[in-house]
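Single-letter residue listing:
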2 protein chains.
Amino acid sequence: MSGTPRLVEVRKNILKHNDELARALRERFAAAGVFVVSLVSSPGAGKTALLEKLLGLLAERHRVAALVGDLATENDAARLARSGAPVRQIVTGTVCHLDATMVDRALEGWDLAALDFLFVENVGNLVCPASYDLGENLRMVLLSTTEGEDKPLKYPTIFHTADVAVVTKIDLAEAVEFDRETARRNIGNLPVFEVSSKTGAGVAELVEFLRGAK
Amino acid sequence: MSGTPRLVEVRKNILKHNDELARALRERFAAAGVFVVSLVSSPGAGKTALLEKLLGLLAERHRVAALVGDLATENDAARLARSGAPVRQIVTGTVCHLDATMVDRALEGWDLAALDFLFVENVGNLVCPASYDLGENLRMVLLSTTEGEDKPLKYPTIFHTADVAVVTKIDLAEAVEFDRETARRNIGNLPVFEVSSKTGAGVAELVEFLRGAK
C-alpha cells in the first residue's frame, strides 16, 4: 500500500471488485449453511495454535474446515491437517493479505454444504488484511500479550473492522507485565476473550461464543 | 500489495522512484558522515524498546537521533524522546511501510552532519517494508522469541533484504520453548544477535557491532 494518487485509484477499483466477489461468497456461504470465521493478527500472535485448538474442540459436534494463508511455506496446513479436518494452504507469494479471489479459488471442489464452520487464517499482518472483505461472517483479531497493549491504537483499522478480539498467550501475561485493563480499553467496543492455546485456558468459552454466533 | 497486472505495473514505477530517492538519501548520509540503521519487525517484536537501549548506550560517545514510523499515534516518539536524543514521528495513516519520501520529508531542517547515527524504525510489518529502500546503510530485522522460529521461512523477503538479525525477548526464550538453533538455521546467512531489552542482555554486543559497522 502506498499513498500516490495513481495507486490509490487502482486500489479503489481492486477493492470494489473484491467487495463484489466477497458479497457473492457470503451468499454462497449462507446458502450452504456454513459459518465462516477469519483470523487476523501480527505474525506469531498464535493464529495457527488457536486454530488447532478450535478445530479440535468444534469437531466433536460440528463439521469444520480451514484455509490458511502465508507468503511462503505450507507448514500451517500440514500442522492443522493433524486435526483431521480438511485444510488447504493459500500461498500468496509477495501479497500481504488474502483476498476474496484467493478464497474463492481455494474452495474449488469443496462441498460447502457439508461444513458447519470454515476458518480462514489470513497472512500475519495488522495492516493489509483490514481492507479486504473475504465474505466471512465474523472477523476475529488476535492480540498476544507479548506484543503489548498499545497495538489497537497503532493499528486502528484492523481492530475497527473486527467483530471479536482474542487476547492470546494469556499464560505469559505476568511474565511480560501485560496490563489487561489497558488492553481492553484500547481494544474498545468489541467482545474480548482471553485465551492460552498452550494451557487451553479460555478456549472453551470462545468455542461457546462461536457456536452461539453461528 | 496485490497481484493484479495493473497494480504490479504502478507499483514497479513507485518502487523505481523510491529507489532513486533512496540513492540520493544514501549519498547525503555518506556526505554528512551519518550511519543510518533501519529497524523492521512484526508489531510488538520490541523495536522501540531496543531502540531506547541503543540510543542510551550509543549516546555516551556518539550523537544519535531517530525517526519512528507508525500508522497512528505519536507514542513511540514520545517514549524515545526521553532518551534526550532528537526524535521525530512519521505517521503513515493507512500505509503499511515507510518510504524514502517520508524519510526525506521527516529530515527537513535537521543538520545531518551533526549526527553519527540515525535510526529509522519502520512500521511493524514483515511484508511491506521489504521492498522499500530508505537509503539506510544497515537494515536490522528483529525476531522475538515469542513469535516462533518459523518466521524467517514464512516472511523470506524481509529476512533476505536485511543485513543483520536480532532475536529479541531472549529472557522469554525458555518460557516459550524457543529453539535457538532452529531459529538460526531459518535466519540463514546473517549475523545474529540475541538480546533482551528488559534485562539488557546482549545489547552491549550489538552496540559494539554497530560501532564497528559505521
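Everything here concerns the structure above.
A short tour of the structure in this document, coming up. Predicted model, so just to flag it, every value in this text is computed and none were measured.

What counts and how
- Residues numbered from 1 in each chain as written.
- Chains lettered and ligands numbered in written order.
- Predicted model: local features only at pLDDT ≥ 70, side-chain atom pairs only at ≥ 80, totals over all residues.
- Heavy atoms only, no water.
- Buried < 20%, exposed > 50% of the residue type's maximum accessible area, 1.4 Å probe, protein only.
- Helix = DSSP H or I, 4+ residues; strand = E, 2+ residues; numbered from the N terminus.
- Arc of directions from axis to C-beta.
- Contact = heavy atoms within 4.5 Å.
- Polar contact = N/O pair within 3.5 Å; in protein donor to acceptor, adjacent residues only side chain to side chain.
- Expected span 1.5 Å × (residues − 1).
- Disulfide = S-S within 2.5 Å.
- Salt bridge = Lys/Arg side-chain N within 4 Å of Asp/Glu carboxyl O.
- Least-squares fit on C-alpha atoms with pLDDT ≥ 70 in both.
- Core = buried A, V, L, I, M, F, W, Y, C linked by side-chain atoms within 4.5 Å.
- Pairing = 2+ DSSP bridges.
- Axes fitted to C-alpha atoms, helices over the stretch in contact; angles between N-to-C directions.
- Phe/Tyr/Trp six-rings, centres within 6.5 Å; stacked < 30°, edge-to-face > 60°.
- Lys NZ or Arg CZ within 6 Å of the ring centre and 35° of its normal.

This part is about helix α7 (residues 180-187) of chain A. All names here are of chain A. All of the buried residues in α7 are Ala-183, Asn-186 and Ile-187. Within α7, the buried residues cover an arc of 100° as seen down the axis, which keeps them to one side. Exposed positions of α7 whose direction lies more than 90 degrees from the buried face are Glu-181 and Arg-185. Check the buried side of α7 and you find it contacts β5 (138-144), α5 (151-154), α6 (156-160), β6 (164-168) and β7 (192-194). One side-chain oxygen of the residue at the start of α7 lies 3.1 Å from the amide nitrogen of Glu-181, identifying that residue as Asp-179. Where α7 terminates, the next one or two residues include Gly-188, which has phi positive at roughly 85°.

An α-helix turns once per 3.6 residues; consequently, residues spaced three or four apart project the same way. Residue and element names in this part refer to chain B. In this model, helix α2 (residues 47-58) (twelve residues) spans 16 Å end to end at C-alpha, consistent with the 16 Å of a helix rising 1.5 Å per residue. Taken together, the buried positions of α2 are Lys-47, Thr-48, Leu-50, Leu-51, Leu-54, Leu-55 and Leu-58. Mapping the buried residues of α2 onto a view down its axis gives an arc of 155°, with all of them on the same face.

Let us look at the environment of Asp-76 of chain B. Here Asp-76 of chain B lies in helix α3 (residues 75-81). Here Asp-76 of chain B falls in the buried class, since its relative accessible area comes to 1%. Once residues lying within four places of it in the same chain are set aside, the contact partners of Asp-76 of chain B are Lys-154 of chain A together with Thr-48, Val-68, Asp-70, Gln-89 and Glu-121 of chain B.

All names here are of chain A. Scanning the entire structure with this criterion turns up two disulfides over all chains. Note that Cys-96 is cross-linked by a disulfide to Cys-128, the S-S spacing being 2.3 Å. Negative torsions about the S-S bond denote left-handed disulfides, and the value of about -100° found for Cys-96 with Cys-128 makes this one left-handed. Residue Cys-96 is found in the loop between β3 (87-91) and α4 (100-106), and its partner Cys-128 is found in the loop between β4 (117-121) and β5; the two are separated by 32 residues along the sequence. Pair check on accessibility: Cys-96 and Cys-128 agree, each one buried.

So, on to the pattern of salt bridges. A full pass over the atoms with the stated rule returns 28 salt bridges over all chains. Measuring nitrogen to oxygen at the nearest pair gives 3.8 Å for the salt bridge that ties Lys-154 of chain A to Asp-70 of chain B. Taken as a pair, Lys-154 of chain A in helix α5 and Asp-70 of chain B in strand β2 (residues 64-70) lie in two separate chains rather than in one. The salt bridge partner of Lys-151 of chain B is Asp-150 of chain B, with a shortest N-O separation of 2.6 Å. For the residue pair Lys-151 of chain B and Asp-150 of chain B, the accessibility class agrees, reading buried in each case. Residues participating in the shared-partner salt-bridge network are Asp-70 and Asp-76 of chain A together with Asp-150, Lys-151 and Lys-154 of chain B.

Turning one copy of the chain about an axis and sliding it along that axis gives the other copy, so a rotation and a shift relate them. Note on the copies: chain B fits chain A at an RMSD of 0.0 Å, the axial shift is 0.0 Å, and the rotation between them is 180°. One copy is carried onto the other by what is essentially a two-fold rotation axis. A share of 100% of interface residues in chain B that are also interface residues in chain A marks the association as one of identical surfaces.

Our focus in this paragraph is the nonpolar core. Most often, soluble globular proteins keep nonpolar side chains buried together rather than apart. Formed by 46 residues in total, the largest nonpolar core has its most connected members in Val-141, Ile-158 and Ile-187 of chain A together with Val-141, Ile-158 and Ile-187 of chain B. Beyond its immediate stretch of four places on either side in the chain, Ile-187 of chain A contacts Leu-143, Pro-152, Phe-159, Ala-165, Val-167 and Val-192 of chain A.

Residue and element names in this part refer to chain A. With parallel pairing, seven strands are arranged side by side in an open sheet as β3-β2-β4-β1-β5-β6-β7. One side of each edge strand has no neighbouring strand; the edge strands of this open sheet are β3 and β7. Each strand axis lies, on average, 20° off the axis of its neighbour in the sheet, ignoring direction. By the bridge criterion, four bridges tie strand β1 (residues 35-40) to β5 in an arrangement that is parallel. Paired with Val-37 across the bridge in β5 is Leu-138.

Residues and elements named next belong to chain B. Burial of strand β5 (residues 138-144) is extensive: seven of the seven residues sit out of reach of the surface. Burial along β5 is two-sided: the residues Leu-138, Met-140, Leu-142 and Ser-144 and Arg-139, Val-141 and Leu-143 are all buried. Pairing analysis gives five bridges linking β5 to strand β6 (residues 164-168), with the strands arranged parallel. When the bridges of β6 are listed, Met-140 appears paired with Val-164.

Moving on: the packing of aromatic side chains. Per the stated rule, a full pass over the model turns up six aromatic pairs over all chains. Seen in terms of ring centroids, Phe-117 of chain A and Phe-119 of chain A are 6.3 Å apart; in terms of plane orientation they differ by 15°. Their pairing is stacked. The exposure class assigned to Phe-119 of chain A is buried, which follows from its relative accessible area of 0%. Arranged with centres 5.0 Å apart and planes meeting at 50°, the rings of Phe-193 of chain B and Phe-209 of chain B form a pair that is tilted. Here Phe-193 of chain B is found in strand β7 (residues 192-194), whereas its partner Phe-209 of chain B is found in helix α8 (residues 203-213), with 16 residues between them in sequence. On the basis of relative accessibility, which here comes to 16%, the residue Phe-193 of chain B falls in the buried class. Taken together, the ring pairs in this structure connect Phe-35, Phe-117 and Phe-119 of chain A into an aromatic cluster. Against the face of Phe-117 of chain A rests Lys-214 of chain A, its NZ or CZ located 5.7 Å from the ring centre.

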